[in-house]
Amino acid sequence: MSYEKISGFSDEISSDTTLQFETLTRLGIKYFEPRGIDGKNVSELTEDEAKELKNKMDTYGIKVSSIGSPIGKIKLTDDFEKHFEVFKNVCSIAKILGTSYVRVFSFYHDGEIWTDDEKSLVIERLSKFISYAKEKGIILLHENEKDIYGDNIDRCKDLFENLYCDNFKAVFDPANFVQTGVDTVEAFDTLCDYIEYVHIKDALSDGRVVPSGHGMGNVEYILKNLFENGYEGFLSLEPHLGSFEGLSDLELTDNMTNLPKSGEGTFSLAYNSLCKILENIAVK
């Protein structure tokens, strides 16, 4: 596949970054989205550990597409100031690793209905993140994640109508929308102007994650429309296929089925599935 900006959560291959980078190199992938780094979450790395990781990246010719951080993945009732210190460390790590992109979320809450006060607090806290990101030259990428404030079309749109700027843009994750009962075509058509980055993940109506193009995420429609409108951003593989059962029921090509029964195999399956979609829509 000649499209250069393919990345992925390679901790789904292994927690060992050496095996991660060896697999990425074998597949011809030049980027990764760091999340699990040799047994630690990327947000927990010290500056020295981040520098060591950068040296290993340089050895393998691997670059970072975005930091796959857990920022904003806490309850509104949790200690925000402590979390903000973690955020500042993540921004420092991003700089060391050579990326301006940091993935963020928009908080959990107790209960089912989001109150006006909770919405205001979400906006206030994200605004604080954005202010710091502007100071540091960081671009925050908000992911639509199940059960956070921005998990459906209306609340994602609300976030971007209030906060969208050079330092706060969207990660579009089709599978996450499927898992919250959202029509991904409607979501894409509503949010397309805010999309800076795409997670390549697909799911069935029962929530099970499947190879891209085999679920209800309309991944091919989304990518076709993005590229027709000049998209030049990252496509980041997040396979989540480790517990997938029913692979034999899908119509997959031989190079998608004859794979190791391991993280390396499922990551390769996710990559091959994306390549098939890109071939279908003639992306080079």
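What comes next is a walk through the structure. (Residues numbered from 1 in each chain as written. Predicted model: local features only at pLDDT ≥ 70, side-chain atom pairs only at ≥ 80, totals over all residues. Heavy atoms only, no water.)

### Re the pattern of salt bridges
And then number 1: Per the stated rule, a full pass over the model turns up 20 salt bridges.
And then number 2: Put simply, arginine 35 and aspartate 11 hold a salt bridge, and the shortest N to O gap is 2.9 Å. Taken together, the residues arginine 35 in the loop between β2 (31–32) and β3 (36–37) and aspartate 11 in the loop between β1 (6–8) and α1 (17–27) connect sequence positions 24 residues apart. For the pair shown, arginine 35 and aspartate 11 are each scored as buried.
And then number 3: As a salt-bridge pair, aspartate 110 and lysine 75 come within 2.9 Å of each other at their nearest N and O atoms. Placement of the pair is aspartate 110 in the loop between β7 (101–104) and α4 (116–136) and lysine 75 in the loop between β6 (67–71) and α3 (80–97), with a sequence separation of 35 residues.
And then number 4: Since its relative accessible area comes to 35%, lysine 75 is described here as partly exposed.
And then number 5: A network of salt bridges, in which partner residues are shared, links Asp11, Glu12, Arg35, Asp173, Lys201 and Glu238. (Salt bridge = Lys/Arg side-chain N within 4 Å of Asp/Glu carboxyl O. Helix = DSSP H or I, 4+ residues; strand = E, 2+ residues; numbered from the N terminus. Buried < 20%, exposed > 50% of the residue type's maximum accessible area, 1.4 Å probe, protein only.)

### A word on the packing of α4 against helix α5 (residues 153–163)
And then number 1: Running from N to C, α4 and α5 point in directions that differ by 50°, and their axes come no closer than 11 Å. It follows that α4 is oblique to α5 by the angle criterion. As for the relative orientation of α4 and α5, their crossing is right-handed in sense. Between α4, through Lys119, Val122, Ile123, Leu126, Ser127 and Ile130, and α5, the contact on the second element is made entirely by Asp158, Leu159, Asn162 and Leu163.
And then number 2: Along the lines of polarity and charge, the residues of the contact of α4 with α5 split into 6 nonpolar, 2 polar and 2 charged. (Axes fitted to C-alpha atoms, helices over the stretch in contact; angles between N-to-C directions. Parallel < 35°, antiparallel > 145°, perpendicular 65-115°, else oblique. Left-handed = near helix turned anticlockwise from the far one by under 90°. Contact = heavy atoms within 4.5 Å. Nonpolar A, V, L, I, M, F, W, Y, C, P; charged D, E, K, R; others polar.)

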